[in-house]
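Structure at a glance
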Amino acid sequence: MHKKTTFSIILLVCIAALSGCTIPLEKFEYAGDKDPVTVPQGTHTKVILDFKVGVGTITLEVNPTANYLAYIENEVSIREGSGTTLDDAEEVSYAEQNTEIMNIQFDSKDEGIEVDYGYDLTIKVCNNITLQIDFQGSVSEISTTITDATIAITSLDIQTSTGNIEISLGNVQFSDSSPTISSSTGNNDITLSNLNYSTSTTWDITASTGTIEMDITDSIVPITPLSISMTYTFDVTGSTGSISITADLHQDHGLKITTSVSTGDVTIPGGEKSYTSANYNAAIRNYEFDLSISTGDITFSSK
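Residues numbered from 1 in each chain as written. Predicted model: local features only at pLDDT ≥ 70, side-chain atom pairs only at ≥ 80, totals over all residues. Heavy atoms only, no water.

Regarding the nonpolar core
The cut-off we apply is this: Within this scheme, the nonpolar core is defined by two criteria: the residues are buried Ala, Val, Leu, Ile, Met, Phe, Trp, Tyr or Cys, and they are joined through side-chain atoms within 4.5 Å. Note on classification: 1.4 Å probe, protein chains only; a residue is buried when its accessible area is under 20% of the maximum for its type, exposed when over 50%, partly exposed between these limits. Two residues qualify as a contact provided that any one of their heavy atoms is within 4.5 Å of a heavy atom in the partner residue.
Ranked by size, the top nonpolar core spans 70 residues in total, and within it Phe-51, Trp-203 and Phe-234 carry the most contacts. Once you skip the residues sitting within four places of it in the chain, Trp-203 turns out to touch Leu-156, Leu-169, Phe-174, Pro-179, Ile-181, Leu-192, Leu-195, Tyr-197, Thr-233, Phe-234 and Asp-235.

So, in structure tokens, the structure goes:
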């Protein structure tokens, strides 16, 4: 029995009960594993990950010594009394779009029906590739850890209705101008370290009920006159909970913070509701934070 799997499913279903989610509250029991899916290496340099999970978890990581393009494990849990079997559970599929692009997909196909299956999916990819990531969950935990400088991310869209999102990105080449990280009921824990942005970027980060915690490091020295001016904007919004951001930025980067709170406290540099660094207008790398929460506290601290 995979106690960890069973516990995570039960925990997510309990969260659903508190949030008014209509997913059944019966206990899910570990039923077994579908055969792992190995996507072989070839001429493909770009991988599109399109995963939709009703109940369960999605975990993504990089294996720098992999002899495959991607490897996916699929642990299945079944709702007691459902009469369903492991054989009928959904499986991961893949198909090449062309000689360069590989599509890897999973869809639990339980939207709008009584949920019988829970899926814990672990995705491992090789390095030296480009990733397009689209993870959607209903009652799901989503974790993504990529700290390999040979990875390029062209699209990042991670959303779950109920559950926690944990994202750690470091040193990757990042070209999505409008990434999204969103949860309705749950916590967002986001770590971004020395991303190599190719364009100005606006992050859309939301959590209706729950905390948003961010740790941002950018020690990359902006080089003039070769560098192009860029602005990295973080639109961070919550309803009930808190927003906590810790930033370690190079001294040449400009910083602007605006906040909005209906009920709660604001703690940011300068001690006011907004802040703009003295070098903001002259900087070729600027960070802008637009932080808004209805009920809760906003904290921004610099290392």
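Re unusual backbone geometry
Just so we agree on the cut-off: Working definition: helices are DSSP H or I runs of at least four residues, strands are E runs of at least two. Numbering for both runs from the N terminus.
A positive phi angle, near 55°, is found at Lys-109, a position not held by glycine. With respect to the element layout, Lys-109 can be found in the loop between β5 (101-107) and β6 (117-125). For Lys-109, a relative accessible area of 56% translates into the label exposed. In this model, Asn-128 sits at a positive phi of 60°, which is unusual for a non-glycine residue. The residue Asn-128 is located in the loop between β6 and β7 (130-146) in this model. According to the relative accessible area criterion, Asn-128 is exposed, its value standing at 55%.

Notes on the pairing of strand β11 (residues 180-185)
Let me state the cut-off plainly: Following DSSP output, two strands are said to pair if at least two bridges run between them.
Two strands pair when backbone bridges link them, and strand β8 (residues 152-162) and β11 are joined in this way by five bridges, in the parallel orientation. The residue bridging Ile-158 from the neighbouring strand is Ile-181, located in β11.

A look at the confidence of the model for the protein
For clarity, the threshold we go by: Residue-level confidence of the predictor, termed pLDDT, takes values from 0 up to 100.
Considering every residue of the protein, the mean pLDDT works out to 91; 90% of them sit at 70 or more. Every residue in residues 3-7 scores below 50 in pLDDT, and together they form nine contacts with partners more than four places removed in sequence or on other chains. Note on residues 9-25: pLDDT is under 50 here. Beyond four places in sequence and across chains, it has 35 contacts.

Comments concerning the environment of Thr-150
Where we set the bar: N or O atoms closer than or at 3.5 Å make up a polar contact, with two conditions inside protein: a donor-capable atom paired with an acceptor-capable one, and, for residues adjacent in sequence, both atoms drawn from side chains.
Among the secondary structure elements, Thr-150 is positioned in the loop between β7 and β8. Between the C-alpha atom of Thr-150 and that of Glu-29, which follows or precedes it by 121 residues, the distance is 39 Å. What Thr-150 contacts, discounting residues up to four positions off in sequence, is Asn-127, Asn-128, Ile-129 and Gln-173. From its side chain, Thr-150 meets the backbone nitrogen of Asn-128 in a polar contact 2.9 Å long.

Looking at the environment of Thr-65
Here Thr-65 is to be found in the loop between β2 (46-62) and β3 (70-79). With relative accessibility at 68%, the residue Thr-65 sits in the exposed group. Sequence separation between Thr-65 and Thr-199 is 134 residues, and the spatial gap between their C-alpha atoms is 30 Å. A polar side-chain atom of Thr-65 sits 3.0 Å from a polar atom in the side chain of Asn-63.

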